[in-house]
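As a plain string of letters, each chain reads:
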Amino acid sequence: AVVSTQSTGGKDRGPYLCAKIIRRWLTCTQYLEMCDLRDNQIGDLAAREIMDGLMDRKTAGLKSIQFLVTCRMDASIYKTIQTLGKKSGKGSGKKKKRKKK
């Protein structure tokens, strides 16, 4: 998909438009395991879209994914993304052994 990066009001809308695509992707795919956007300055508006996508994913009952972003955004949005974007420990690691009686 090609995303227009035309400027409006002196601001680049490219990150926001990409984040809208990512939000849709987060909400619809069950196979996503990780997304790393750490080297991108996405800004508050795009970060809110990603946060909403992670919330939509949780509401839809899809498994959690590892989602990495830069901290260059509103602190509360960053914290929420970090919380929602943590890979859950379910199903990973070794199973506990039961003691025989």
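Residues numbered from 1 in each chain as written. Predicted model: local features only at pLDDT ≥ 70, side-chain atom pairs only at ≥ 80, totals over all residues. Heavy atoms only, no water.

### Brief notes about the packing of helix α2 (residues 43–59) against helix α3 (residues 75–84)
Spelled out, the test is: Lines fitted to the C-alpha atoms define the axes, with helices restricted to the stretch that makes contact. Angles between their N-to-C directions range from 0 to 180 degrees. For the purposes of this entry, the term helix denotes a DSSP run of H or I that reaches at least four residues, the term strand denotes a run of E that reaches at least two, and both are numbered from the N terminus. Roughly parallel means an angle under 35 degrees; roughly antiparallel, over 145; roughly perpendicular, 65 to 115; everything else is oblique. Handedness of a helix crossing follows the sense of rotation of the near helix relative to the far helix, less than a right angle counterclockwise being left-handed and clockwise being right-handed. Contacts are residue-level and defined by heavy atoms, with any inter-residue pair within 4.5 Å sufficient. Each residue is assigned to one of three groups, with Ala, Val, Leu, Ile, Met, Phe, Trp, Tyr, Cys and Pro labelled nonpolar, Asp, Glu, Lys and Arg labelled charged, and all others, Gly among them, labelled polar.
Their axes nearest at 9 Å, the elements α2 and α3 cross at an angle of 30°. What the angle tells us is that α2 and α3 run roughly parallel. Crossing handedness for the pair α2 and α3: left-handed. The residues of α3 that touch α2, namely those facing Asp 44, Ala 47, Arg 48, Ile 50, Met 51, Leu 54, Met 55 and Lys 58, are Ile 77, Thr 80, Ile 81 and Leu 84. For the contact of α2 with α3, the per-class residue count stands at eight nonpolar, one polar and three charged.

### Considering α3
Definition in use: Exposed residues in this analysis have more than 50% of their type's maximum accessible area, buried residues have under 20%, and partly exposed residues fall in between, with area computed by a 1.4 Å probe over protein chains only. Regarding the arc, it is the one traced by the directions from the helix axis to the C-beta atoms.
Three or more residues of α3 are buried, namely Ile 77, Ile 81 and Leu 84. Each buried residue of α3 lies within a common arc of 70° when the element is viewed along its axis, so the set occupies one face. Turned more than 90 degrees from where α3 packs its buried face, Ala 75, Lys 79 and Thr 83 sit exposed.

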